[in-house]
Amino acid sequence: MSKSSTVTSREQPVADVTSLSGALKVHGETLTIQTDHRIQVLDLTERVMSMVRRLRIREGIVHLFSMHTTCTVFINEFQTALLADIKRFLEHVVARDAEWMHNDPEYSDCDRMNADSHLRAMLLGHNLTLQVSGGEVVLGQWQRILMAELDGPRARSLRIQIFGIS
Amino acid sequence: MSKSSTVTSREQPVADVTSLSGALKVHGETLTIQTDHRIQVLDLTERVMSMVRRLRIREGIVHLFSMHTTCTVFINEFQTALLADIKRFLEHVVARDAEWMHNDPEYSDCDRMNADSHLRAMLLGHNLTLQVSGGEVVLGQWQRILMAELDGPRARSLRIQIFGIS
Amino acid sequence: MSKSSTVTSREQPVADVTSLSGALKVHGETLTIQTDHRIQVLDLTERVMSMVRRLRIREGIVHLFSMHTTCTVFINEFQTALLADIKRFLEHVVARDAEWMHNDPEYSDCDRMNADSHLRAMLLGHNLTLQVSGGEVVLGQWQRILMAELDGPRARSLRIQIFGIS
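Residues numbered from 1 in each chain as written. Chains lettered and ligands numbered in written order. Predicted model: local features only at pLDDT ≥ 70, side-chain atom pairs only at ≥ 80, totals over all residues. Heavy atoms only, no water.

A. Summary view of the pattern of salt bridges. All names here are of chain B. Under the defined criterion, the tally for this structure stands at 36 salt bridges over all chains. Of the charged contacts, one joins Lys87 and Glu91 as a salt bridge, the two residues approaching to 3.1 Å between their closest N and O atoms. Here Lys87 and its partner Glu91 are both found in helix α2 (residues 80-93), 4 residues apart, which amounts to about one turn of the helix. (Salt bridge = Lys/Arg side-chain N within 4 Å of Asp/Glu carboxyl O. Helix = DSSP H or I, 4+ residues; strand = E, 2+ residues; numbered from the N terminus.)

Structure, rendered in structure tokens:
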């Protein structure tokens, strides 16, 4: 197990000031991502960065959206130790075995017993909007684009939209 | 009380890949929403989906913004049992009766005694960005666009901006 | 110490309905912000509002992004008492001195011992998307654009992108 965090490097640093006018280009794609555990954090950074480079949008926005209530996208550092801390924190802040109504057949027809997954997802959020500048995603040195599976394992759909001027 | 969650259905499924160029169209509207309880989760999905269909933006973004510090927008499942769990979780994670300075007349001129509402709102967030593709909002089967009133009852203003190519 | 919250005022109120078509303009800038404490909430509202006015985008989006994993952007009220409550809540919901693996040299080569900062940042989020309408940022009366330093003091980079039709 590595003790280090993954470093993010753009080909060029982000310019201090950028300005561009032109026609809008919108491109959308659905990614399918297979998860292996009930709670799991995956690093999507390279996939998103390579898609943005391929589409040749110079200045704009990239929007990520998890198409599931119990799967989320967010920014943080990617390091094995910190991922274990994230899992432990989520399990602590929302107890899986509390008497949630969503898990009670008297009140709910959901058979996944996943109230904890819904509540944890509410804290992390389902959408993430990042800037594109100089043809690359704007990210700091330690920032990684992460997906948190909160009720896996499953195949998950993530929609990516890139939006801007080429 | 229904045990089931509301299902979201688009007229057409989201296409795997979409690409479009053209002039940008930006449309904004303010919705007023009356709430009935101190804490209440409302389902805005049909209102937002019908506004997007009416505006005939094919590919783009829809942005929702609550114009209040103690009212939030987020994605989750809409089911009576889960809504009760969300309320219970929020009341647990931020205690209403802790000795918050915002509720103390010695330090604060706010007479609503709503520190809990501010802190809960900070966890859920005030803005939500969703994709529009094929003329409809991109949402998974169980995903609903929700507004959480955290210091009602009140009339709340929500601003919606639709942004894209028609 | 003032007991009052800062009020936000636009030159003109937000119009109920706005609609505009045209070429897209994208402008990006990096702001550097020096913080003075380990946990500190700063009010960026006036800087963001004046940048938007200067760029003369009439309808569009302004996107704020913290380029650091332990520094966040969010919306709330700006009042000294509430800021103390926010700090107290963050210190309570994520304990700094729990046995986090990220702080253990056996598992982590990070020497900042800042697992708490990473977990608190995950709750607040690194990106914020706001509407621009009538040439000004759309904000409610008590809403302020806040940055939370969670592992300072440091110099922080915040990237702002303004996106729309002039």
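Next comes the rest of the account.
B. The packing of aromatic side chains, seen in detail. The final tally for this structure, using the stated rule, is 3 aromatic pairs over all chains. Relative to Phe163 of chain C, the ring of Phe163 of chain A lies with its centre 5.7 Å away and its plane at 35°, an arrangement referred to as tilted. Here Phe163 of chain A, found in strand β9 (residues 155-165), pairs with Phe163 of chain C, found in strand β9 (residues 155-165), and the two come from separate chains. Overall, Phe163 of chain A belongs to the buried group, its relative accessible area being 2%. The rings of Phe163 of chain A, Phe163 of chain B together with Phe163 of chain C are connected pair by pair, giving a single aromatic cluster. Over the ring of Trp100 of chain C we find Arg88 of chain A, and its NZ or CZ is 4.9 Å from the ring centre. (Phe/Tyr/Trp six-rings, centres within 6.5 Å; stacked < 30°, edge-to-face > 60°. Buried < 20%, exposed > 50% of the residue type's maximum accessible area, 1.4 Å probe, protein only. Lys NZ or Arg CZ within 6 Å of the ring centre and 35° of its normal.)

C. Examining helix α2 (residues 80-93) of chain A more closely. The end-to-end C-alpha distance of α2 of chain A is 20 Å, a good match for the 20 Å that 14 residues give at a rise of 1.5 Å each. Every buried residue of α2 of chain A is listed here: Ala81, Leu82, Leu83, Asp85, Ile86, Phe89, Leu90 and Val93 of chain A. Contacts made by the buried residues of α2 of chain A are with β3 (40-43), β5 (71-76) and α3 (115-124) of chain A, α2 of chain B together with α2 (80-93) and α3 (115-124) of chain C. (Expected span 1.5 Å × (residues − 1). Contact = heavy atoms within 4.5 Å.)

D. Representation of the packing of α3 of chain A against α2 of chain B within the structure. Viewed as axis vectors pointing N to C, α3 of chain A and α2 of chain B meet at an angle of 60°, and their least axial separation amounts to 10 Å. As far as their axial angle goes, α2 of chain B and α3 of chain A are oblique. Helix-helix and strand crossings are classified by hand; for α3 of chain A and α2 of chain B the assignment is right-handed. Along the contact surface, α3 of chain A presents Ala115, His118, Leu119, Met122 and Leu123 of chain A, while α2 of chain B presents Leu82, Asp85, Ile86, Phe89 and Leu90 of chain B. Among the residues forming the contact of α3 of chain A with α2 of chain B, the class breakdown is 8 nonpolar, 1 polar and 1 charged. (Axes fitted to C-alpha atoms, helices over the stretch in contact; angles between N-to-C directions. Parallel < 35°, antiparallel > 145°, perpendicular 65-115°, else oblique. Left-handed = near helix turned anticlockwise from the far one by under 90°. Nonpolar A, V, L, I, M, F, W, Y, C, P; charged D, E, K, R; others polar.)

E. Structural context of the environment of Gly28 of chain B. Topologically, Gly28 of chain B is positioned in strand β2 (residues 24-34). We classify Gly28 of chain B as buried; its relative accessible area is 1%. Once the C-alpha coordinates of Gly28 of chain B and Arg159 of chain B are considered, the two residues, 131 residues apart in sequence, prove to be 7.1 Å apart. Excluding anything up to four places from it in sequence, Gly28 of chain B contacts Arg159, Ile160 and Gln161 of chain B together with Asp16, Val17 and Thr18 of chain C.

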